[in-house]
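# Results of the structural survey
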Amino acid sequence: LKVTAAVGVMMSDPIGNLHYCFTPLVMYIADILEQSLLACTNPKALPVSTAMCKEFGDPFPHPSCTASRTLDNIEQACCQADLNDFGDFLKVAKCYYLNGIH
């Protein structure tokens, strides 16, 4: 794969046309704090589920933390707090387990 990504390879499409293709393999590894920052969630909450730090490792399967759920939480926090008062917004964002990005 490294050679194909660097040099490229000729491949045919379903019609039979040849194309010069590069197939880079892209990956990103991050720890929990970095993942939380990217997902706009509080570091005490998992960025992939609704589990909180005290619930890590329990046998109960928690619902997924999806992008739409996070966006809904951001919208709710913005409706409840004055966006010009950052301290007030942080208090409300903390209730929704957000990291305060708005």
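Use the structure listed above.
In every chain, residue numbers begin from 1 and rise along the written sequence. Given that the model is predicted, a residue must reach a pLDDT of at least 70 before its local features are reported, and side-chain atom pairs must reach 80 or more before they are shown or counted; all residues, however, enter totals for whole chains, interfaces and linings. Processing note: side-chain calculations cover all non-hydrogen atoms of the structure and skip hydrogens and water entirely.

### Let's talk about unusual backbone geometry
Convention followed: Strands are runs of DSSP state E lasting at least two residues, helices are runs of H or I lasting at least four, and both sets are numbered from the N terminus onward.
In this structure, Cys40 takes a positive phi of about 65° despite not being glycine. By the element assignment, Cys40 lies in the loop between α2 (32-39) and α3 (67-80). You will see that Tyr97, though not glycine, has its phi angle at about 60°, which is positive. Summarising the element assignment, Tyr97 is placed in the segment after α4 (86-95).

### Section: the nonpolar core
For soluble globular proteins, nonpolar side chains are generally found buried alongside one another. Here is the rule we go by: For our purposes a nonpolar core is just a set of buried Ala, Val, Leu, Ile, Met, Phe, Trp, Tyr and Cys residues, chained together by side-chain atoms within 4.5 Å. Burial classes: relative accessible area under 20% of the type maximum marks a residue as buried, over 50% as exposed, and values in between as partly exposed (1.4 Å probe, protein chains only). Any two residues whose heavy atoms approach within 4.5 Å at even a single point are treated as in contact.
Core analysis: the largest hydrophobic core is formed by 7 residues, namely Ile74, Ala77, Ala81, Phe89, Val92, Ala93 and Leu98. When residues in this core are grouped by element, the largest group, 3 residues, is from α4. Once residues within four sequence positions are removed from consideration, Val92 is found in contact with Ala77, Gln80 and Ala81.

### Thoughts on a nonpolar patch on the surface
Filter applied, for reference: Like-charged residues are merged into a patch within 9 Å and nonpolar side chains (Val, Leu, Ile, Met, Phe, Trp, Tyr) within 5 Å, provided each residue has over 30% relative accessible area and no salt bridge. Method for areas: the Shrake-Rupley scheme with a 1.4 Å probe, in which residue coverage is limited to the protein chains shown. In the sections that follow, a salt bridge refers to a side-chain nitrogen of Lys or Arg positioned within 4 Å of a carboxyl oxygen of Asp or Glu.
Residues Val3, Val7, Met10, Leu18, Tyr20 and Phe22 make up a contiguous nonpolar surface patch of about 650 Å² in total accessible area. Counting residues per element, the ones that place at least two in the nonpolar patch are α1 (2-7) and β2 (18-21). The residue Val3 is located in helix α1 in this model. By relative accessible area, which is 61% here, Val3 ends up exposed.

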